[in-house]
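# Per-entry structural report
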Amino acid sequence: MYAVVKTGGRQYRVEPGQVVRVNKLEAAVGEAVSLNEVLLVKDGETLKAGTPLLDGATVSATVVEQDRAKKIIVFKKKRRQGYQKKQGHRQDYTALKITAINF
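Quick summary incoming for the structure in this document. (Residues numbered from 1 in each chain as written. Predicted model: local features only at pLDDT ≥ 70, side-chain atom pairs only at ≥ 80, totals over all residues. Heavy atoms only, no water.)

### Let's talk about the nonpolar core
Core analysis: the biggest nonpolar cluster contains 19 residues, and Ala3, Val5, Val14, Val38 and Val59 have the highest contact counts within it. Contacts of Val38, omitting those with residues within four sequence positions, involve Ala3, Val4, Val5, Pro52, Leu53, Leu54, Ala57, Thr58 and Val59. (Core = buried A, V, L, I, M, F, W, Y, C linked by side-chain atoms within 4.5 Å. Buried < 20%, exposed > 50% of the residue type's maximum accessible area, 1.4 Å probe, protein only. Contact = heavy atoms within 4.5 Å.)

### Description of the environment of Glu65
Among the secondary structure elements, Glu65 is positioned in strand β7 (residues 58–68). When the C-alpha positions of Glu65 and Arg21 are compared, they lie 9.3 Å apart, and in sequence the two are 44 residues distant. Contact partners of Glu65, with chain neighbours within four places excluded, come to Val29, Tyr93, Thr94 and Ala95. A polar side-chain atom of Glu65 sits 3.3 Å from a polar atom in the side chain of Tyr93. (Helix = DSSP H or I, 4+ residues; strand = E, 2+ residues; numbered from the N terminus. Polar contact = N/O pair within 3.5 Å; in protein donor to acceptor, adjacent residues only side chain to side chain.)

### Section: the side chain of Thr94
Tracing the backbone through its elements, the reader meets Thr94 in strand β10 (residues 92–102). The exposure class assigned to Thr94 is buried, which follows from its relative accessible area of 0%. In this structure the side chain of Thr94 is engaged in a polar contact, spanning 2.9 Å, whose partner is the backbone nitrogen of Leu25. If near-sequence neighbours (up to four positions away) are discounted, Thr94 is found in contact with Val20, Arg21, Val22, Asn23, Lys24, Leu25, Val63, Glu65 and Gln66.

Written out as structure tokens, the structure is:
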């Protein structure tokens, strides 16, 4: 059984027991979270797809950690112009452990 959920402007394919990193959610570690924007659910041979969302379908999850991802370097350069710019960025994320898919 799996579901496709939308959170933070991105879509994720999730299964019960899986740990997923999503864009930061305002929730404490250990808190239960419900993801309501479910696009698709597949249970065995049955596939249910919404237009665009499934009515009454939710995905239950627990917050495992709130952290920041590894730093990425953004380097811009224009040749022969003497222009260089170096920036770093760390994205905040929330790690969710999927507990149940309800539909």
